[in-house]
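# Coordinate inspection notes
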Amino acid sequence: MAHFVTAYLLLLAYAAEPAGPWDRETVSHSGFAAGTALAVTVVAALLTVLFVKAQWLRRWWFAVPMVAVLAALLRLTVLAPEL
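Keep in mind that what you see is a predicted model, and the values were worked out from it rather than measured.

### Some points on the overall build of the chain
Scanning the chain for helices and strands turns up three helices and zero strands. What you see in the chain, going N to C, is helices and strands ordered as α-α-α. With the C-alpha coordinates aligned to their principal axes, the bounding extent of the chain is approximately 50 × 20 × 15 Å. Across the 83 residues that make up the chain, the buried fraction comes to 27%. Within the chain, contacts between residues at least 6 apart in sequence are counted, and of these 72% link residues at least 24 apart. Side chains of the chain give 5 positive and 4 negative charges; the mean places of these two sets differ by 26 Å.

### What about helix H3 (residues 63–76)?
Since the α-helix advances by 3.6 residues per turn, residues separated by three or four positions end up pointing in the same direction. Between its first and last C-alpha atoms H3 spans 20 Å; for 14 residues at 1.5 Å apiece the expected length is 20 Å, and the two agree. Buried residues in H3 make contact with helix H1 (2–15) and helix H2 (24–53).

### Notes on the packing of aromatic side chains
Scanning the model with the defined rule gives two aromatic pairs in all. For the ring pair Phe-51 and Trp-56, a centre distance of 5.5 Å and an interplane angle of 35° mean the geometry is tilted. Taking relative accessible area as the criterion, Phe-51 reaches 29% and is therefore assigned partly exposed. Under the relative-accessibility criterion, Trp-56 is labelled exposed at 65%.

### Points about the environment of Ala-13
Note that Ala-13 resides in helix H1. Under the relative-accessibility criterion, Ala-13 is labelled buried at 0%. Once the C-alpha coordinates of Ala-13 and Val-27 are considered, the two residues, 14 residues apart in sequence, prove to be 9.1 Å apart.

### Some thoughts on the packing of H2 against H3
Between H2 and H3, the least distance of the axes is 9 Å, while the angle of their chain directions is 160°. What the angle tells us is that H2 and H3 run roughly antiparallel. With respect to the hand of their crossing, H2 and H3 are arranged in left-handed fashion. Between H2, through Ser-30, Gly-31, Ala-34, Gly-35, Leu-38, Thr-41, Ala-45 and Thr-48, and H3, the contact on the second element is made entirely by Pro-65, Ala-68, Val-69, Ala-72, Leu-73, Arg-75 and Leu-76. Among the residues making up the contact of H2 with H3, the classes are represented as nine nonpolar, five polar and one charged.

So, how was this worked out
- Residues numbered from 1 in each chain as written.
- Predicted model: local features only at pLDDT ≥ 70, side-chain atom pairs only at ≥ 80, totals over all residues.
- Heavy atoms only, no water.
- Helix = DSSP H or I, 4+ residues; strand = E, 2+ residues; numbered from the N terminus.
- Buried < 20%, exposed > 50% of the residue type's maximum accessible area, 1.4 Å probe, protein only.
- Contact = heavy atoms within 4.5 Å.
- Lys, Arg positive; Asp, Glu negative; His and termini not counted.
- Charge placed at Lys NZ, Arg CZ, Asp CG, Glu CD.
- Expected span 1.5 Å × (residues − 1).
- Phe/Tyr/Trp six-rings, centres within 6.5 Å; stacked < 30°, edge-to-face > 60°.
- Axes fitted to C-alpha atoms, helices over the stretch in contact; angles between N-to-C directions.
- Parallel < 35°, antiparallel > 145°, perpendicular 65-115°, else oblique.
- Left-handed = near helix turned anticlockwise from the far one by under 90°.
- Nonpolar A, V, L, I, M, F, W, Y, C, P; charged D, E, K, R; others polar.

Structure representation (structure tokens):
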């Protein structure tokens, strides 16, 4: 469930584009959504570690939080919306 929440927050972060140079609110909303997605991903990664150790999930499940972390960090840094 946490991965779906992360995916939704990342969708919101990437969908937010400012309307012009005056639209700082959209830039901050995009950063907030990406930062929240990063926090949820950290929780999901910790749960993934727990479930892999218990052998309820396979090791390839580590790829899901890693991709989400990469997407969130890219939106916060390199792909951040410009004014």
